[in-house]
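# Inside the fold
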Amino acid sequence: MVDIQTWRAWLLTDTPTSRRHAKLSTLYQGWLSFRGNTMAMVGLWILTLLVLTAFAAPLLAPHDPFAQDLANRLQPLWSDGHAFGTDSLGRDILSRLIYGSRITLYIVALVALIAPISGLLVGTVAGYVGGWTDQVLMRITDIFLAFPRLVLALAFVAALGAGIENAVLAISLTAWPPYARIARAETLTIRSSDYISAIQLQGAGAMRIITKHIWPLCISSLIVRVTLDMAGIILAAAGLGFLGLGAQPPSPEWGAMISEGRRFILDHWWVATMPGMAIFTVSLAFNLLGDGLRDVLDPKDSEK
Amino acid sequence: MVRSPKCECAPVSMLNVDNLSVWFGNGRDRVDAVRNASFNVNRGASFGLVGESGSGKSTILRAVMGLTPNWSGAISVDTKPVDKTRQKSFYKVVQMVFQDPYASLHPRHSVDQVLGETLYLHGFRDIDARVVKLLDDVGLGGKFRFRYPHQLSGGQRQRVAIARALAPKPSILLLDEPTSALDVSVQAEILNLLTDLRTEHGLTYIMVSHDLSVVGHMCEQLAVMKDGEIVEIMEVETLRKAQASHPYSQELLAASI
């Protein structure tokens, strides 16, 4: 108990004694203010649970997600050994949902890496360098923004072939322009500020200024935007799966599962509803998390 | 003619600005911020630029530092002419302190990061020792080293900004109204610090201010600016005796008494 008290005092000190101490202290204070936000914590718990589920899928799943049993097809909820029933081929829906969380996480992680990073790069370079570079980069961004999202993804998948990797690429391709726009707008307000002039007067190059001075200020608003977009990304992936252009059968991707269940939706509603609930829960969790992160990371608030 | 704290030998020109014009925009949108400004500052001297807001005082400093793209005329530092694009060696000789200490420090960088990066960029390698030394020089103890700007008061921030400007060991410091954003008691502290640092490091100051008493306290010579032009250059003695010759300077003097 005493130990915990001293640790807290050490972390909350006003006068850190080393670089590491200062960093840990800032992190801890951010965590404290995040923890105060109940809804955000709910979101974080759901996502932690999702990650654990994905890791422990073989341990948690009661059945093989690919094992077909035509004698037991379309069993209702809470039937023998199948808590969420079975689908049209007699596969256990709960097990398929548990294994499907891996695919969902895979898509989310890849898109969350590709889209914001490329958007950040394009946006900050355009905003900082200005002139022709800005014109060219932002017109390309405009072109991508002008396409309807799902249609562009459809065209892309149609050209490259259906599959989960191509779906990820297609979603990333349509997701980066808004990030570039945000990053550019932030860069424009930052680049004329005195602290950027001050570092220019120390002879710093453009690369150093963009990565070390502009990025840290853009990243918080981007992280918030990413978590808020996650729901949309999961839905887009599910949409591609639903249209048969994302994950291919028998892969237990949630969107593809809804697509399969659609044929029986009137008589056996749970086949499509259960994966729908899973998508809904995870999307909601990301939205809640994003809202909480905005409160913690927004530089305008943390100044106070 | 000019009292210099260190050197009693013949005055050497440290900063010479000849026929400097600065403008923003082109064609019909062109705004002339500074027109044909010329002045000379000797080594170890302290030179004031006064005038109302918008008269182009700060623009002259920004032009000297290379922060304004459009300028004509000649600037020479230590009798060597300055190139259009500043070399790194230039920033080792000339540094600037900005007006607003709330805007001139990166909100996400600690004092240690600000000073450490500056030292790194100027090629120093014994960064830890130098950061401690710099903080001592500006009267901030080691306990401020890992603070972030939002944990510092205005006066403390301005001390950090001064420490950053001193990091490359410059000979010329351009001060852009270094105290106007601070309250009166803190102003006096910062001005005293600047006076001490000048004698200690043998610095040459060019100081912009709209406050005649600050310039009278800090400088030996001053230029009065109006609408982008220097209307008069005079000794501070003349200012004290209220013997300005140009009608605008007289007006400014009358207004400040």
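To start, this report covers the structure provided alongside it. From a predicted model like this one, the values you see are computed outputs, not experimental measurements. (Residues numbered from 1 in each chain as written. Chains lettered and ligands numbered in written order. Predicted model: local features only at pLDDT ≥ 70, side-chain atom pairs only at ≥ 80, totals over all residues.)

## Digging into the pairing of strand 9 (residues 221-226) of chain B
Residue and element names in this part refer to chain B. Of all 6 residues in strand 9, 5 are buried, a share of seventy percent or more. In this structure, strand 3 (residues 46-51) lies alongside strand 9, joined through 5 bridges in parallel fashion. The residue bridging Gly51 from the neighbouring strand is Met225, located in strand 9. Here strand 9 runs beside strand 10 (residues 229-235); their pairing, made up of 6 bridges, is antiparallel. Paired with Ala223 across the bridge in strand 10 is Ile233. Here strand 9 folds back onto strand 10, and the loop between the two strands holds 2 residues, one of which, Asp227, carries a positive phi near 50°. (Buried ≥ 20, exposed ≤ 12 C-beta atoms within 10 Å, placed from the backbone. Helix = DSSP H or I, 4+ residues; strand = E, 2+ residues; numbered from the N terminus. Pairing = 2+ DSSP bridges.)

## Some thoughts on the interface of chain B and chain A
If you look at the interface, chain B gives 23 residues, while chain A gives 19 residues. For the side of chain B that touches chain A, the secondary-structure elements that each account for two or more residues are helix 2 (88-93), strand 6 (94-97) and helix 3 (111-121) of chain B. Counting residues per element, the side of chain B that touches chain A draws most heavily on helix 3 of chain B, at 3 residues. Tallied by class, the residues present in the side of chain B that touches chain A amount to 10 nonpolar, 7 polar and 6 charged. (Contact = placed C-beta atoms within 7 Å. Nonpolar A, V, L, I, M, F, W, Y, C, P; charged D, E, K, R; others polar.)

## Details of the sheet that holds strand 5 (residues 80-81) of chain B
The strands making up a sheet associate through hydrogen bonds between their backbones, and the pairing can be parallel or antiparallel. Spatially, the 4 strands line up as an open sheet ordered 2-1-4-5 (chain B), and their pairing is antiparallel. Looking at the sheet topology across the chains shown, the edges are occupied by strand 2 (31-42) and strand 5 of chain B.

## Digging into the sheet that holds strand 7 (residues 172-176) of chain B
Residues and elements named next belong to chain B. Across the sheet, 6 strands lie side by side as 6-7-8-3-9-10; this open sheet has mixed pairing. The open sheet has two edge strands with one neighbour each: strand 6 and strand 10. For this sheet, the mean angle separating the axes of adjacent strands, direction not counted, is 20°. Lying on the sheet, helix 9 (residues 247-256) is in contact with strand 3, strand 9 and strand 10; it crosses strand 9 at an angle near 105°. (Axes fitted to C-alpha atoms, helices over the stretch in contact; angles between N-to-C directions.)

## Comments concerning the pairing of strand 4 (residues 71-77) of chain B
Residue and element names in this part refer to chain B. The sheet contact formed by strand 1 (residues 13-24) and strand 4 spans 6 bridges and is antiparallel. Paired with Val22 across the strands is Trp71, a residue of strand 4. Of the strand pairs in this sheet, strand 4 and strand 5 are connected by 2 bridges, and their pairing is antiparallel. Residue pairing in the sheet places Ser76 in a bridge with Pro81 of strand 5.

## Digging into the nonpolar core
Burial of nonpolar side chains together is a common tendency in soluble globular proteins. Grouped together as the largest cluster of nonpolar side chains are 70 residues, with contacts concentrated most on B:Ala163 and B:Ile206. Judged by nonpolar contacts, the second largest core, of 66 residues, contains A:Leu97, A:Ile214, A:Leu217 and A:Val271. (Core = buried A, V, L, I, M, F, W, Y, C linked by C-beta atoms within 7 Å.)

## What to know about helix 3 of chain B
When you tally the buried positions in helix 3 of chain B, you get 8 out of 11 residues, the bulk of the element. Among all positions of helix 3 of chain B, only B:Val111, B:Asp112, B:Val114, B:Leu115, B:Gly116, B:Glu117, B:Thr118 and B:Leu119 are buried. Contacts made by the buried residues of helix 3 of chain B are with helix 2 (19-35) of chain A together with helix 4 (127-137) and helix 5 (154-166) of chain B. Just past helix 3 of chain B, the residue B:Gly123 takes up positive phi, approximately 85°.

## Regarding unusual backbone geometry
Residue and element names in this part refer to chain B. For Asp78, which is not glycine, the phi dihedral falls at a positive 55°. We classify Asp78 as partly exposed; it has 16 C-beta atoms within 10 Å. The backbone of Lys169 shows a phi angle near 55°, a positive value even though the residue is not glycine. We classify Lys169 as partly exposed; it has 13 C-beta atoms within 10 Å.

## As for the environment of A:Ala158
Assignment of secondary structure puts A:Ala158 in helix 7 (residues 149-160). Separated by 26 residues in the primary sequence, A:Ala158 and A:Trp132 have C-alpha atoms spaced 34 Å apart.

These figures come from the coordinates and say nothing about function on their own.
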